[in-house]
Amino acid sequence: PFLVSPEFVAMGGEYDILLFGVTGFTGKLATEYLKEKNYPIKWGVCGRNAAKVKDVLDKLGVDCPIEVADLVVEEGSEPYETLRGVVKKAKVVLTCAGPFERYGLALVRLCVEEGIHYADITGES
């Protein structure tokens, strides 16, 4: 069975999991996995281009909310604050958008600042 701790539930947030990088190979696999498992969680996806993300979701037969934000942003800029707003909606941010040295720095920083759990699939050193 899939168990969720009371502490996790108490965190609040619009999404239990917010998945970044869904238009890439591994992101599609992660999206398919979440669909297949059908866990009793609230999840959504985020990408730079809503139309591209929607196209991927349609092809995979997935119906979930889409958030739009860029991952390559300068601290303090409007796109950075947009990304912050999206991150704040999640309990867990899971990203498949790499290379992480380029696409992950602002996301990690914002997750730390906002107290949001973060996971990625990096193999970079």
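In short, a report on the structure. A quick note: this is a predicted structure, and the numbers were derived from the prediction, not measured.

**A closer look at the pattern of salt bridges**
Line of reasoning, step 1. Under the counting rule described, the total for this entry stands at eight salt bridges.
Line of reasoning, step 2. In this structure, the salt-bridge partner of Lys89 is Glu67, at a minimum N-O distance of 3.1 Å. Taken together, the residues Lys89 in the loop between helix 4 (78-87) and strand 4 (90-95) and Glu67 in strand 3 (residues 66-68) connect sequence positions 22 residues apart.
Line of reasoning, step 3. For Lys89, a relative accessible area of 27% puts it in the partly exposed group.
Line of reasoning, step 4. Two residues, Glu75 and Arg109, come together in a salt bridge whose shortest N-O distance is 4.0 Å. Within this pair, whereas Glu75 is found in the loop between strand 3 and helix 4, its partner Arg109 is found in helix 6 (residues 105-114), the two being separated by 34 residues in sequence.

What counts and how
- Residues numbered from 1 in each chain as written.
- Predicted model: local features only at pLDDT ≥ 70, side-chain atom pairs only at ≥ 80, totals over all residues.
- Heavy atoms only, no water.
- Salt bridge = Lys/Arg side-chain N within 4 Å of Asp/Glu carboxyl O.
- Helix = DSSP H or I, 4+ residues; strand = E, 2+ residues; numbered from the N terminus.
- Buried < 20%, exposed > 50% of the residue type's maximum accessible area, 1.4 Å probe, protein only.

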